Amino acid sequence: MSTLIKNGRIITSEQNYICDIFIENEKITLISENLNMQADTVIDAKNKYVIPGGIDVHTHLDMTSGTVTSTDDFYTGTRAAAFGGTTSIIDFAAQPKGKSFREGLAIWKEKAKGKATIDYGFHMTITELTEERINEMTEMVNEGVTSFKLFLAYPGVLMVDDATIFKAMKKSVKIGALICMHAENGMVIDEIVKETVAAGNLSPVYHALSRPTYAEAEATHRAIALAHMAGAPVYIVHLTCNDALEEVAAARAKGLPAFAETCPQYLFHSIDEMDTPDFEGAKLVFSPPLREKWNQEKLWLGLEQNILQVVATDHCPFNFKGQKDLGINDFTKIPNGGPSIENRLQLTFHGGVLENRISLNRWVEINSTNPAKIFGMYPQKGNISIGSDADIVIWDPEVEHIISAKTHHMNVDYSMYEGIKVKGNADTVLLRGKVIVQNNEFKGIAGNGNFIKRTPFGSAFV
Ligand code: URP
Ligand code: ZN
Ligand code: ZN
């Protein structure tokens with residue numbers, strides 16, 4: 001099967017030029033001006049940008065937490081991602097308590113099987129680390145699971161101690177894996193939560209107020225210090241605020257391999273939106289939480305200045321009715337997480353490129369190229385070059401779109417961005433050369449997404 005994309009403006013992390021692209025057998029085989037070869041499909045991309053497919057390295061599809069399960073499974077979640085121009089995700093598989101990584105990976109592979117419509121990989125969440133599990137980290141890397149997440153938050157549930165993190169980091173250096181850290185000081189937060197509840201402060205905004213920015217900054221500092229002692233790179237997930245950003249900036253200024261992502265919710269929302277009388281604030285309950293509004297501009301600057309390398313979504317959707325409302329009388333019972341998988345490219349294009357905060361190249365870099373490099377998928381993904389997978393988004397920079405739960409494709413009863421008007425959207429989306437979205441219609445197939453066997457030592461290329 002062959003496809004010819006004509007007249008588009010190709011934007012990569014480094015280039016911006018008008019050219020045609022020829023695709024055969026899932027790969028880009030030719031990039032040149034005025035290509036006139038026969039092709040099974042010809043797409044005219046005149047006046048549009050042609051970019052590498054978006055890569056969202058932080059999603060939670062079909063994830064059970066306590067009594068609730070995130071509402072997007074690997075079909076609805078990846079379909080929604082495709083509508084927004086994302087062609088690969090890395091979801092979080094979890095080590096079941098007391099069991100092996102292998103068992104966790106098998107469970108998550110089963111969840112994706114026959115459902116994923118775009119390509120997917122997995123990080124492995126470590127919940128405990130015995131000698132046997134340390135050895136098993138090598139096996140995971142050989143399986144293409146080259147990153148692990150550990151938590152400094154949620155004592156008694158997911159939190160691990162510093163020695164465990166240090167041991168995982170030391171091992172990661174040997175095998176080329178990357179340790180991803182949820183950086184919040186869980187012990188202190190739990191104390192503040194107890195005080196907050198005892199004082200009778202139970203509405204959603206108190207979730208955010210009981211998780212101060214210093215709890216995030218301290219944990220970010222500690223994660224980086226542990227990595228430094230272990231001689232390892234580290235990747236901070238879902239960074240929200242200037243206090244934590246300064247820790248990453250200081251580490252990078254010293255030349256340490258510290259990397260970090262932020263998420264659209266932290267760029268577009270702030271804590272003042274949570275203090276509403278009608279429980280609406282529950283739609284914005286996730287951890288780490290929203291911050292004071294001035295942090296948003298600092299995060300955009302962090303993205304521009306390469307203190308932050310990636311925008312990912314932390315997509316973890318729970319319905320407002322039936323799930324979020326479990327915490328109607330007590331914020332500690334509100335499921336943590338929000339939906340974004342469909343909106344990442346739209347929001348960062350509008351808020352970043354059109355509002356002159358980042359360049360077009362940087363937009364591609366933080367949404368596709370850096371995720372591919374850091375997580376061992378480059379140059380197969382994250383680029384438009386000969387030999388790369390033909391994961392391509394034809395982006396219409398002029399089309400306007402009002403984000404709404406009435407029209408989005410995520411399987412969740414609200415939008416975190418309801419009513420926000422954005423300019424720019426995915427027009428046509430190709431996964432390994434096959435059109436999966438066109439004319440606002442889904443043409444993908446459940447099960448056509450492939451497992452991405454990622455390579456180790458990816459972060460060395462950033
Ligand atoms: O509140 C959040 N972020 N839920 C998803 C789990 C996590 O910590 O990433
Ligand atoms: Zn987390
Ligand atoms: Zn997450």
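Keep in mind that this is a model prediction, so the values were computed, not measured. (Residues numbered from 1 in each chain as written. Chains lettered and ligands numbered in written order. Predicted model: local features only at pLDDT ≥ 70, side-chain atom pairs only at ≥ 80, totals over all residues. Heavy atoms only, no water.)

(A) The arrangement of the coordination of the zinc ion (ligand 3) in detail. In this structure, His58 (NE2), His60 (NE2) and Asp314 (OD) serve as the protein donors to the zinc ion (ligand 3), at separations of 2.0 to 2.1 Å. Considering all 4 donor atoms around the zinc ion (ligand 3), the spread of angles at the metal, 89 to 127°, places the coordination shape in the tetrahedral class. Here the donor residues of the zinc ion (ligand 3) are spaced in sequence according to H-x1-H-x253-D. Between the two metals, the zinc ion (ligand 3) and the zinc ion (ligand 2), the spacing is 4.0 Å. With His60 in the loop between strand S6 (54-59) and strand S7 (64-65) and Asp314 in the loop between strand S15 (310-311) and helix H11 (344-354), the pair connects residues that are 254 residues apart, well separated along the chain. On the basis of relative accessibility, which here comes to 9%, the residue Asp314 falls in the buried class. (Donors = N, O, S within 2.8 Å, 3.2 Å for Na, K, Ca; no water. Tetrahedral: all angles 85-135°; square planar, octahedral: opposite > 155°, others 65-115°. Helix = DSSP H or I, 4+ residues; strand = E, 2+ residues; numbered from the N terminus. Buried < 20%, exposed > 50% of the residue type's maximum accessible area, 1.4 Å probe, protein only.)

(B) Quick look at the layout of surface pockets. Approximately 1200 Å³ is the volume found for the largest pocket. For the lining of the largest pocket, the elements supplying multiple residues, two or more each, are S7, strand S9 (86-94), helix H2 (101-112), strand S11 (147-151) and helix H5 (186-198). For the lining of the largest pocket, the leading source of residues is H5, giving 4 residues. When its residues are assigned to classes, the lining of the largest pocket shows 22 nonpolar, 17 polar and 7 charged. In this structure, the second largest pocket occupies an estimated 290 Å³ of space. (1 Å grid on protein atoms, 1.4 Å probe; cavity = no way out; pocket = protein on both sides within 12 Å on 5 of 7 lines; lining within 4 Å. Points joined across faces, edges and corners; volume = space filled by probe spheres on them. Nonpolar A, V, L, I, M, F, W, Y, C, P; charged D, E, K, R; others polar.)

(C) Focus on the environment of Ile126. Secondary-structure assignment places Ile126 in the loop between strand S10 (119-125) and helix H3 (131-142). Ile126 gets classed as buried once you look at its relative accessible area, which sits at 0%. Here the alpha-carbon distance between Ile126 and Ile175, two residues 49 residues apart in the chain, equals 16 Å. Once residues lying within four places of it in the same chain are set aside, the contact partners of Ile126 are Gln95, Phe101, Phe148, Lys149, Leu150, Val160 and Ala168. (Contact = heavy atoms within 4.5 Å.)

(D) Local environment of the sheet that holds strand S12 (residues 178-182). The parallel open sheet is built from 8 strands, whose spatial order is S6-S9-S10-S11-S12-S13-S14-S15. In the strand order of this sheet, the two ends are held by S6 and S15, each with one partner. Pairing between S11 and S12: 5 bridges, direction parallel. Following the sheet pairing, Phe151 is matched in S12 by His182. (Pairing = 2+ DSSP bridges.)

(E) Spatial organisation of the nonpolar core. Counting residues in each nonpolar core, the largest one holds 112 residues, and the members touching the most others are Phe122, Phe148, Met169, Met181, Ile236, Leu239 and Trp363. For this core, the leading source of residues is helix H7 (residues 213-230), giving 7 residues. (Core = buried A, V, L, I, M, F, W, Y, C linked by side-chain atoms within 4.5 Å.)

(F) Here's a closer look at a negative patch on the surface. The grouping of Asp272, Glu273, Asp275 and Glu292 at the surface amounts to a negative patch. For Glu292, the location among the structural elements is in the loop between helix H9 (264-268) and helix H10 (294-304). (Patch = residues over 30% accessible without salt bridge, like charges linked within 9 Å, V, L, I, M, F, W, Y side chains within 5 Å. Areas by Shrake-Rupley, 256 points an atom, 1.4 Å probe, with all protein chains shown as cover. Salt bridge = Lys/Arg side-chain N within 4 Å of Asp/Glu carboxyl O. Lys, Arg positive; Asp, Glu negative; His and termini not counted. Charge placed at Lys NZ, Arg CZ, Asp CG, Glu CD.)

(G) Highlighting the coordination of the zinc ion (ligand 2). Binding of the zinc ion (ligand 2) to the protein goes through Lys149 (NZ), His182 (ND1) and His238 (NE2), at separations of 2.1 to 2.2 Å. Mapping the donors of the zinc ion (ligand 2) onto the primary sequence gives the spacing K-x32-H-x55-H.

(H) Region of the structure containing the site of ligand 1. Taken together, His58, His60, Lys149, Phe151, His182, His238, Phe286, Ser287, Asp314, Cys316, Asn336 and Gly337 are the residues near ligand 1. Separating an oxygen atom of ligand 1 from a side-chain N or O atom of His182 is a distance of 3.1 Å. Look at ligand 1: alone it shows 270 Å² of surface, and the protein chains cover 94% of it. At a threshold of 2 Å from the grid points, most atoms of ligand 1 map onto the largest pocket. For the shell around ligand 1, a count of residues per class yields 3 nonpolar, 7 polar and 2 charged. (Near = heavy atom within 4 Å. Polar contact = N/O pair within 3.5 Å; in protein donor to acceptor, adjacent residues only side chain to side chain. Sits in = over half its atoms within 2 Å of the grid points.)

(I) The side chain of His58, seen in detail. In this structure, His58 sits in strand S6. Residue classification places His58 among the buried positions, given a relative accessible area of 1%. In this structure, His58 is in contact with Ile90, Phe92, Lys149, Val237, His238, Glu261, Ala312, Thr313, Asp314 and His315, ignoring residues within four places of it in sequence.

Purely geometric numbers; function is a separate question.
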